[in-house]
Amino acid sequence: MPMTPQAEEQHTSIEPTPEQRTDQRAAELRAARRRADQAPSRPPGKPVRRTKPRRVTSSKAPPGGGRQRARHSHHDAPDTAADFERLTTLPEGPERDELRRRVVCAWLPMSERLALRFRNRGESAEDLQQVAALGLVKAVDRYDPERGCAFESFAVPTIVGEVKRHFRDHMWGLHVPRRVQELRNRVRAARQELTRSVDDRGPTPEEIAEHTGMSLEEVLLGSQALESFTTLSLDAELPGADDGYSLADTLGAPEAGFDLVLDREAVKPKLRNLPEREREILYMRFFCDMTQSRIADRLGISQMHVSRIISRTCRRLADQVGGRQEECAAT
């Protein structure tokens, strides 16, 4: 069908030139190449992740051949270098105390941030900040600017160490030796690492020992200390007890019969060494349950005489047995 002059003019104005076709084809090829390069690095349907351009750093090694560690930049770190220099020259007195107080107050925000790293571990944030502030005071007193290191590089480990020492010395419900605490930390870290790789079960003591290089005895000792950080109340109900049976109900009480057995065994040798008459009177009184009057009638003596013999003999036995027990306790 022949085209009208107006349509022919419109068609010729929309149709691209050969140069435009070449540029368009090149753009399509570049887009297809980009899509092909991005396809293996992301799942289907996931948008392309925009990454920040890497900062090009110099490959020149620092003096000394060692690798330089990146330091955290404290944007709000106060400039107290001159104050520390002055602290070293001032004698003890009100002026030095005031300058020391200003330095501590200037670095107090840093100690509070360090204390918040240990929150949600059974201690309140206020107490942690108090402990961190104590570590900051120690860092200010011990810092020597002539050594050439920045104050924050010296203060951070001092403050963190003070907080960790607080947990070690004051947060345990039971006194646990430091060696056992270190074993506990290693066992806990190994359990967390192995739980990610072991399917649907916790690691066995043998697996923890193989993973950490510890002996099986050390693993068992550290596992027992895992539950020693906090203690249970004696009024707490036992697991599975529906009748209110508590831990206090499982505690035993001293058995009075044990003391009676000990007393009898201690007095037996002394009874054998008594005169026959005194031994007979004690036998009738305490083993046959006879009254003093009946004993007096059988022996042909007065009841008062029987009473004196019993009192004197019992007192002598008590002194002999008591003295022997004191000697044993002393040795």
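Residues numbered from 1 in each chain as written. Predicted model: local features only at pLDDT ≥ 70, side-chain atom pairs only at ≥ 80, totals over all residues. Heavy atoms only, no water.

Colleague: What should I look at first to understand the overall build of the protein in this one?
Modeller: A count of helices and strands for the protein gives 13 helices and zero strands. Taken from N to C terminus, the helices and strands of the protein fall in the order α-α-α-α-α-α-α-α-α-α-α-α-α. With 331 residues in all, the protein has 23% of them scored as buried. Sequence-distant contacts in the protein: of pairs separated by 6 or more residues, those separated by 24 or more amount to 54%. Summing over all exposed atoms, the protein offers an accessible surface of approximately 25700 Å²; the carbon and sulfur share of this is 51%. (Helix = DSSP H or I, 4+ residues; strand = E, 2+ residues; numbered from the N terminus. Buried < 20%, exposed > 50% of the residue type's maximum accessible area, 1.4 Å probe, protein only. Contact = heavy atoms within 4.5 Å. Areas by Shrake-Rupley, 256 points an atom, 1.4 Å probe, with all protein chains shown as cover.)

Colleague: Explain the packing of helix 5 (residues 125-142) against helix 6 (residues 151-170) to me, please; I cannot follow it from the model alone.
Modeller: The relative placement of two packed helices is expressed as an angle between their axes plus a distance between the axes. Between helix 5 and helix 6, the least distance of the axes is 8 Å, while the angle of their chain directions is 135°. The orientation of helix 5 relative to helix 6 falls into the category oblique. Here the hand of the crossing between helix 5 and helix 6 comes out right-handed. Along the contact surface, helix 5 presents L128, V131, A132, L134, G135, L136, K138, A139, V140 and R142, while helix 6 presents F151, F154, A155, T158, I159, E162, V163, H166 and F167. Split into classes, the residues belonging to the contact of helix 5 with helix 6 amount to 13 nonpolar, three polar and three charged. (Axes fitted to C-alpha atoms, helices over the stretch in contact; angles between N-to-C directions. Parallel < 35°, antiparallel > 145°, perpendicular 65-115°, else oblique. Left-handed = near helix turned anticlockwise from the far one by under 90°. Nonpolar A, V, L, I, M, F, W, Y, C, P; charged D, E, K, R; others polar.)

Colleague: Is there a simple way to explain the packing of aromatic side chains in this structure?
Modeller: Think of a pair of aromatic rings as described by two things: how far the centres are apart, and how the planes are tilted against each other in angle. By the definition in use, this model includes seven aromatic pairs. Taking 4.8 Å as the distance between ring centres and 70° as the angle between the ring planes, the aromatic pair formed by F84 and Y143 counts as edge-to-face. On the criterion of sequence distance, the pair formed by F84 in helix 3 (residues 81-89) and Y143 in the loop between helix 5 and helix 6 is long-range, its members being 59 residues apart. In this structure F84 comes out as buried when scored by relative accessible area, which is 3%. (Phe/Tyr/Trp six-rings, centres within 6.5 Å; stacked < 30°, edge-to-face > 60°.)

Colleague: Help me out: how do you make sense of the nonpolar core in this one?
Modeller: As a rule of thumb, soluble globular proteins bury nonpolar side chains together. With 25 residues, the main nonpolar core has F84, W107, L136, V140, F151, I159 and V163 as its most contacted residues. Residue assignment for this core shows that the elements contributing at least two residues are helix 3, helix 4 (94-116), helix 5 and helix 6. In terms of residue count, helix 4 provides more of this core than any other element does, seven residues in total. Ignoring any residue separated from it by four or fewer positions in sequence, one finds F84 in contact with V103, W107, V140, Y143, P145 and F151. One finds L282, M284, V306 and I310 within the second-largest nonpolar core, a separate group that totals twelve residues. (Core = buried A, V, L, I, M, F, W, Y, C linked by side-chain atoms within 4.5 Å.)

Colleague: Which parts of the structure should I look at to understand the side chain of T158?
Modeller: Structurally, the position occupied by T158 is in helix 6. A polar contact is formed between the side chain of T158 and the backbone oxygen of F154, at a distance of 2.9 Å. Excluding anything up to four places from it in sequence, T158 contacts G135 and A139. (Polar contact = N/O pair within 3.5 Å; in protein donor to acceptor, adjacent residues only side chain to side chain.)

Colleague: Would you take a moment to explain helix 5 for this structure?
Modeller: One full turn of an α-helix is made of 3.6 residues, so residues set three or four places apart face in the same direction. Helix length check: helix 5, at 18 residues, gives a terminal C-alpha distance of 26 Å against a target of 26 Å (1.5 Å per residue), a fit within 8%. Among all positions in helix 5, only L128, V131, A132, A133, G135, L136, A139 and V140 are buried. (Expected span 1.5 Å × (residues − 1).)

Colleague: Is there a simple way to think about the packing of helix 3 against helix 4 in this case?
Modeller: Interhelical geometry of helix 3 versus helix 4 gives an angle of 150° and a closest axis separation of 10 Å. Classified by the angle their axes make, helix 3 and helix 4 are roughly antiparallel. When the axes of helix 3 and helix 4 are compared, the crossing they make is left-handed. Along its contact with helix 3, which presents D83, F84, R86 and L87, the element helix 4 presents E95, R96, L99, R100, R102, V103 and W107.

Colleague: How do you make sense of the pattern of salt bridges when you look at a structure like this?
Modeller: A side chain of one charge can pair with a side chain of the opposite charge if their charged atoms are brought near each other. Counted according to the given criterion, the structure contains nine salt bridges. Measuring nitrogen to oxygen at the nearest pair gives 3.9 Å for the salt bridge that ties E92 to R96. One salt-bridge network, held together by shared partners, links K138, E162 and R165. (Salt bridge = Lys/Arg side-chain N within 4 Å of Asp/Glu carboxyl O.)

Colleague: Could you clarify how one ought to interpret unusual backbone geometry in this entry?
Modeller: Peptide bonds are, in most cases, trans, and in most cases residues other than glycine have a negative phi. Although it is not a glycine, D289 sits at a positive phi angle of roughly 55°. With respect to the element layout, D289 can be found in the loop between helix 11 (276-287) and helix 12 (292-299).

Colleague: I keep staring at the environment of E112 and nothing clicks. Help me out?
Modeller: Secondary-structure assignment places E112 in helix 4. It is 9.8 Å that separates the C-alpha atoms of E112 and L136, two residues lying 24 residues apart in sequence.

Colleague: Quick question: what am I supposed to make of a nonpolar patch on the surface here?
Modeller: Side chains of Y283, F286 and F287 sit close together on the surface and give an oily, nonpolar patch of about 400 Å² of accessible area. Of note, F286 is situated in helix 11. (Patch = residues over 30% accessible without salt bridge, like charges linked within 9 Å, V, L, I, M, F, W, Y side chains within 5 Å.)

Colleague: In this structure, what is going on with a positive patch on the surface? I would like to understand it.
Modeller: Taken together, the side chains of R30, R33, R34 and R35 present a region of like positive charge at the surface. Here R35 is to be found in helix 2 (residues 18-38). (Lys, Arg positive; Asp, Glu negative; His and termini not counted. Charge placed at Lys NZ, Arg CZ, Asp CG, Glu CD.)

Colleague: Can you help me understand the confidence of the model for the protein in this one?
Modeller: In regions of low pLDDT, the predicted coordinates are not meant to be interpreted in detail. In this model, the protein carries a mean pLDDT of 77, and residues with pLDDT of at least 70 account for 75%. Low pLDDT, under 50, characterises residues 7-13; the stretch is placed with two contacts to residues that sit more than four places away or in other chains. Across residues 326-331, confidence stays below pLDDT 50; counting only partners more than four residues off in sequence or on other chains, it has zero contacts. (pLDDT = per-residue confidence, 0-100.)

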